[in-house]
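Given next are the chains, with one letter for each unit.
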Amino acid sequence: MRYDRGTIVVEGVRTLQHCTWDPRIGALRTLGYRYRYLKQLIPEAIDDVLNPLQSPNLEEKVSLKPFQYDALESWLNRRRGIIVLPTGAGKTYIALKAMELLNVPTLVVVPTLPLLKQWRDVIESLYHVNVGVIGGGQERLEPITVITYDSAYLRAAELGNRFEFVVFDEVHHLAAEGYIEIAEYLVAPYRMGLTATLEREDGRHRLLFPLVGGVVYQLFPKDLSGEHLSEFDTIRIRVDMTDDEKRRYKELVDEYKSSLKRAGISIRSLEDFRKLVMRSTSNKAARRALLAWHEARKLAINSRAKLDVLKDLLESHREDKVIIFTEFNDIAEEISRKFLIPLITHRTKHKEREKILQAFRIGAVTKVVTSKVLDEGIDVPDARVGIILGGTGSRREFVQRLGRILRKREGKRAVLYEIISRGTTEVRISSKRRKGLEI
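Just so it is clear, the structure is predicted and the values come from calculations on it, not from any experiment.

K.L.:
Would you mind going over the sheet that holds strand β10 (residues 165-169) with me for this structure?
P.N.:
As a general point, the strands of a sheet are linked pairwise by backbone hydrogen bonds and lie either parallel or antiparallel. Read from one edge to the other, the open sheet built from eight strands follows the order β8-β7-β9-β6-β10-β11-β5-β12, with strand pairing classed as mixed. Here the strands that pair on one side only, and so sit at the sheet edges, are β8 (138-140) and β12 (215-218). Neighbour to neighbour, the strand axes of the sheet diverge by 20° on average, direction disregarded. As paired elements, strand β7 (residues 132-135) and strand β9 (residues 144-148) share three bridges and run parallel to each other. Within the sheet, the bridge partner assigned to glycine 132 lies in β9 and is threonine 145. Its contacts with the sheet place helix α3 (residues 91-102) against β5 (80-84), β6 (106-110), β9, β10 and β11 (190-195), and it is angled at close to 170° to β11. Its contacts with the sheet place helix α5 (residues 149-159) against β6, β7, β8, β9 and β10, and it is angled at close to 125° to β9.

K.L.:
Explanation requested: the packing of aromatic side chains in the structure shown.
P.N.:
According to the stated counting rule, one finds three aromatic pairs in the structure shown. Summarising the aromatic geometry, the rings of tryptophan 75 and phenylalanine 165 are spaced 5.4 Å apart at their centres and angled 45° between planes, so their arrangement reads as tilted. Residue tryptophan 75 is located in helix α2 (residues 66-76), and its partner phenylalanine 165 is located in strand β10; the two are separated by 90 residues in the primary sequence. Given a relative accessible area of 0%, tryptophan 75 falls into the buried group. Take phenylalanine 165: its relative accessible area is 0%, and that puts it in the buried class.

K.L.:
Can you help me understand helix α11 (residues 284-301) in this one?
P.N.:
The end-to-end C-alpha distance of α11, which contains 18 residues, comes to 26 Å, matching closely the 26 Å that a straight helix rising 1.5 Å per residue would cover. Looking only at α11, the buried set comprises Ala285, Ala286, Ala289, Leu290, Ala292, Ala296, Arg297, Leu299, Ala300 and Ile301. Considering only its buried residues, α11 is in contact with α9 (243-263), α10 (270-279), α12 (304-316), β18 (413-421) and α16 (425-434). The backbone nitrogen of alanine 285 lies 3.0 Å from a side-chain oxygen of the residue at the head of α11, namely asparagine 283.

K.L.:
Honestly, the packing of α3 against helix α4 (residues 113-127) in this entry has me stumped. Any pointers?
P.N.:
For any two helices packed against each other, the geometry comes down to the angle between their axes and how far apart the axes lie. Contact geometry of α3 with α4 gives a least axis separation of 12 Å together with a crossing angle of 50°. On the basis of the axis angle, α3 is oblique to α4. In the packing of α3 onto α4, the handedness of the crossing is right-handed. Facing α3, whose interface residues are Thr92, Tyr93, Ala95, Leu96, Met99 and Glu100, α4 presents Trp119, Val122, Ile123, Leu126 and Tyr127. The residue inventory of the contact of α3 with α4, partitioned by class, reads nine nonpolar, one polar and one charged.

K.L.:
Please explain the sheet that holds strand β17 (residues 385-388) as it appears in this structure.
P.N.:
An order of β13-β18-β17-β14-β16-β15 is seen for the six strands of this open sheet, with the pairing classed as parallel. Both outer strands of the open sheet, β13 (231-239) and β15 (343-344), are each paired with one neighbouring strand and no more. Bridge count between strand β14 (residues 322-326) and strand β16 (residues 367-371): five bridges; the pairing is parallel. Bridge pairing in β16 places valine 322 opposite lysine 367. α16 rests against β13, β17 and β18 of the sheet, and its axis sits at about 145° to β18.

K.L.:
For this particular structure, what's the right way to read the pairing of β9?
P.N.:
Taken residue by residue, a regular strand's side chains alternate between the two faces of the sheet. The buried fraction of β9 is high, at five of five residues. Side chains Ile144, Val146 and Thr148 of β9 all project onto a buried face; the interleaved residues Thr145 and Ile147 project onto the opposite face, where all are buried too. Relative to β9, β6 runs parallel, the two sharing five bridges. Paired with valine 109 across the two strands is isoleucine 147, which belongs to β9.

The rules behind each value
Residues numbered from 1 in each chain as written. Predicted model: local features only at pLDDT ≥ 70, side-chain atom pairs only at ≥ 80, totals over all residues. Heavy atoms only, no water. Pairing = 2+ DSSP bridges. Helix = DSSP H or I, 4+ residues; strand = E, 2+ residues; numbered from the N terminus. Axes fitted to C-alpha atoms, helices over the stretch in contact; angles between N-to-C directions. Contact = heavy atoms within 4.5 Å. Phe/Tyr/Trp six-rings, centres within 6.5 Å; stacked < 30°, edge-to-face > 60°. Buried < 20%, exposed > 50% of the residue type's maximum accessible area, 1.4 Å probe, protein only. Expected span 1.5 Å × (residues − 1). Polar contact = N/O pair within 3.5 Å; in protein donor to acceptor, adjacent residues only side chain to side chain. Parallel < 35°, antiparallel > 145°, perpendicular 65-115°, else oblique. Left-handed = near helix turned anticlockwise from the far one by under 90°. Nonpolar A, V, L, I, M, F, W, Y, C, P; charged D, E, K, R; others polar.

Here is the structure:
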């Protein structure tokens with residue numbers, strides 16, 4: 001057996017489970033992730049697949065809480081699988097303990113540059129070793145290397161046999177088209193996925209199970225509240241739109257329905273909605289339906305009444321650290337101007353974002369408004385209050401936002417508010433993102 005650009009070539013046999021005959025080379029070939037299975041199928045084979053970097057020789061530095069040890073033990077039983085724990089529950093340290101115990105070259109795959117920096121910093125500070133970094137213009141390979149999903153997608157075939165352990169942070173990203181090839185090309189027999197919420201709206205999270213392993217351990221926020229995370233409340237506040245907003249909202253909904261009918265489209269599932277998006281590029285009625293849907297949703301999310309409720313909440317939580325979550329940049333910018341609150345969006349430059357978060361951390365700033373950027377992938381300082389003015393039906397988004405306020409502190413009880421426009425799709429969306437969540 002030998003490695004070849006994300007695949008394993010098996011010579012000397014004509015048929016083998018999981019393998020396909022490649023007439024170009026007169027041998028069998030299969031994707032790299034099946035290395036573990038091939039070792040079990042043909043243990044007598046001459047194995048030239050792995051060309052690993054040297055051992056990182058990590059000292060044992062990490063101490064885990066009881067629930068973290070339970071998660072690690074569940075993973076060690078298979079040495080592959082996905083661990084689902086709330087934001088703030090210390091998933092990173094479970095992975096670090098696994099790295100200590102395995103002591104093999106390790107690749108950590110992350111979705112964002114801030115997470116890449118966080119992983120590098122914590123590993124270097126704990127173990128005093130050089131950490132490889134690939135992404136954001138950096139190209140350095142070490143026995144422990146942190147890489148972004150974007151870079152791993154481009155380099156997986158090249159790096160596929162250099163590591164024996166791979167950690168997929170925010171593993172739900174791995175299921176995206178393209179990214180999934182990372183897991184297919186890597187031969188690493190030891191695999192760990194980390195996430196706060198695994199399920200994707202498109203259902204593609206199921207594709208991860210043969211590539212990373214199934215869920216080996218899972219806890220919900222309520223399971224850890226009190227002892228390990230802050231106790232918390234979630235409160236829904238329903239508001240009425242103005243008469244003009246209601247009138248305009250009805251017009252848009254009617255336009256959406258009539259345009260769908262003219263386009264011959266029925267929306268019963270997420271897949272149907274994807275078809276609408278695809279058809280909108282060439283069908284005028286489908287495009288009108290999509291535009292009406294988007295404008296109606298934006299109107300419900302940006303209702304004027306929400307700003308009145310927000311003003312009252314900010315007054316009642318004057319002394320608390322508060323994160324305000326919005327769906328669209330324009331409402332986030334309006335809130336920032338109206339209430340003189342620092343704003344973080346995808347357009348906020350890295351230095352400015354770090355300056356705002358540091359001010360929030362030390363209490364010089366106690367309120368921050370954001371449009372999605374703080375949902376995941378950034379180390380957000382402790383806050384006690386979260387206010388959701390708009391969001392999707394994604395359970396992952398909801399749990400990530402809740403997780404931003406659950407960092408444990410003596411005497412703290414966190415609260416997450418959802419402000420919802422009555423008589424709109426927001427009511428259904430709110431129920432959808434909560435459905436099935438043990439919060």
